[in-house]
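Spelled out from the first residue to the last, the chains are:
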Amino acid sequence: MRSAALNSRDADPAAAASAATSEFGVAMLQALRSRRRSIAPKFFYDDQGAALFERICLLDEYYLTRTEVAILRDHAKDIARLIGPRADLVEFGAGTPDKARIVLDALASPARYAPVDLAVDHLTGAKRDLERSYPGLSMEPLAADFGRPLAVLMQSPSVGRRVGLFLGSTIGNLTPEQAHDFLSGAAAGLGGGGLLVGVDLVKDPVVLHRAYNDAQGITAAFNRNLLARANRELGADFDPLSFDHYAFYQACEQRIEMHLISSRPQTVRLGGCAFEFSQGETLHTENSYKYTIEGFRDLARGAGLVPGPAWCDPQHRFSVHWLAA
Ligand code: AVJ
């Protein structure tokens, strides 16, 4: 194990260097050095992580994606009326433009679609397709961290009434304080327009538990991919299978917590340092907050937005909110 670690570091000095310089490397080192180890969930999404997330979205247990898509389809006309003509759509944390297409299909004359993502290379193919499907629309991917919405919106002058899309319950990855800050920034940058937000709802914890502990273990693989990514990109020597996927609903905080728990005492090497994990020690990898419809509307109001209609599915599993800015 130990000599394998040294070999893998020696074999890839570039990876070892990026442990100290890349954003992921810095975050992983900081997590490993802390007493309570945690890392931001945005680091799940390298190519393999994004592919695993797409498989999660297709799982029976993971109701979120298909429920949100159904809500958007069912209320596309109302949504289009609220967005209005010649809109300038900015999608925060866009993976693929599938959900934006549902909105675009219902709009009469959208002016621009600007997906904001850290990596926008994978969106170049989609640009051609989208501009062909919607004459008059220009697609302009913005390479940025959507965590700072005002800075993102200032980066590119508007070409019409500004409307933000923040779908998929991505807002659930933020603490309520961070969500407040995101919504305030969006309120400041979208003045005169609005924001469409997809928010997962509080519900029977058994349903939540199933959604984050699927029978096929895809969510476990998604969680462990963080460690495999550290091995690939940073030259770390994690043994991903010696960390258990542990996801549970924390009712007091109204959130799913996801952890990777060391199943035995072990040493992990990264960037020339050794880090001990005792048995049962955790790396906290994700929070996924759930809201009530009223709770989310209050949060939006507190951030200076004016809540409009909120739609949800018949089983009250997921919600989509229009917030006027
Ligand atoms: C993309 C953040 C909405 O929290 O449900 C899926 C990510 N994590 N399964 C979520 C996720 C585990 C997902 N979000």
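Note that the structure is predicted; figures quoted are calculated from it, not measured.

Run through the environment of Gln315, naming residues and quoting values.
Within the secondary structure, Gln315 is located in the loop between β13 (306-312) and β14 (318-324). The class for Gln315 is exposed, based on a relative accessible area of 57%. As for Gln315 and Thr67, which are separated by 248 residues in sequence, their C-alpha atoms are 9.6 Å apart.

Before we move on, can you summarise the sheet that holds strand β12 (residues 282-289) with the specific residues and values?
Spatially, β1-β12-β9-β8 is the arrangement adopted by the four strands of the open sheet, whose pairing is mixed. Every interior strand has two partners, whereas the edge strands, β1 (37-38) and β8 (243-250), have only one. Pairing geometry for β1 and β12, over two bridges, is parallel. The partner of Arg37 across the bridge, within β12, is Leu283. The sheet contacts of helix α12 (residues 218-234) involve β8, β9 (255-262) and β12, and relative to β8 the element is tilted by about 120°.

Tell me about the site of the ligand, residues and numbers included.
Neighbouring the ligand are 14 residues, the closest being Tyr62, Gly168, Tyr212, Glu286 and Ser288. One of the side-chain N or O atoms of Tyr212 is found 2.5 Å from an oxygen atom in the ligand. Computed on the free molecule, the ligand has an accessible area of 350 Å², of which 97% lies beneath the protein chains in the complex. Elements with a minimum of two residues in the shell around the ligand: α4 (47-57), α12 and β12. A class-by-class count of the residues in the shell around the ligand yields eight nonpolar, five polar and one charged.

Got a sec to walk through the side chain of His321? Specific residues and values, please.
Relative to the elements of secondary structure, His321 occurs in strand β14. By relative accessible area, which is 1% here, His321 ends up buried. A polar atom in the side chain of His321 sits 2.9 Å from the side chain of Ser319. Those residues in contact with His321, other than ones at most four positions away along the chain, are Leu195, Leu196, Val197, Val199, Ile293, Phe296, Arg297, Pro309 and Ala310.

Go over the nonpolar core with me, naming the residues and quoting the values.
Counting residues in each nonpolar core, the largest one holds 69 residues, and the members touching the most others are Met28, Leu196 and Phe238. For Leu196, the contacting residues outside a window of four places in its chain are Leu72, Ile79, Val103, Gly164, Leu165, Phe166, Leu167, Trp311, Val320, His321 and Trp322. Among the nonpolar cores identified, the runner-up in size contains 28 residues, and Val152, Phe182, Leu299 and Ala300 belong to it.

Explain unusual backbone geometry to me, and be specific about the residues and the numbers.
Of note, the phi angle at Gln254 is positive, near 55°, even though the residue is not glycine. Relative to the elements of secondary structure, Gln254 occurs in the loop between β8 and β9. Residue Gln254 is classed as partly exposed on the basis of its relative accessible area of 31%. Within the chain, His316 stands out as a residue other than glycine whose phi angle is a positive 55°. Structurally, the position occupied by His316 is in the loop between β13 and β14.

Go over the packing of α4 against α12 with me, naming the residues and quoting the values.
Between α4 and α12, the least distance of the axes is 9 Å, while the angle of their chain directions is 175°. Between α4 and α12, the angle falls in the class roughly antiparallel. Residues Gln48, Gly49, Leu52, Phe53, Arg55 and Ile56 of α4 touch α12, and the partners they reach there are Ile218, Thr219, Ala221, Phe222, Asn225 and Arg232.

Quick notes on the rules
Residues numbered from 1 in each chain as written. Predicted model: local features only at pLDDT ≥ 70, side-chain atom pairs only at ≥ 80, totals over all residues. Heavy atoms only, no water. Helix = DSSP H or I, 4+ residues; strand = E, 2+ residues; numbered from the N terminus. Buried < 20%, exposed > 50% of the residue type's maximum accessible area, 1.4 Å probe, protein only. Pairing = 2+ DSSP bridges. Contact = heavy atoms within 4.5 Å. Axes fitted to C-alpha atoms, helices over the stretch in contact; angles between N-to-C directions. Near = heavy atom within 4 Å. Polar contact = N/O pair within 3.5 Å; in protein donor to acceptor, adjacent residues only side chain to side chain. Areas by Shrake-Rupley, 256 points an atom, 1.4 Å probe, with all protein chains shown as cover. Nonpolar A, V, L, I, M, F, W, Y, C, P; charged D, E, K, R; others polar. Core = buried A, V, L, I, M, F, W, Y, C linked by side-chain atoms within 4.5 Å. Parallel < 35°, antiparallel > 145°, perpendicular 65-115°, else oblique.

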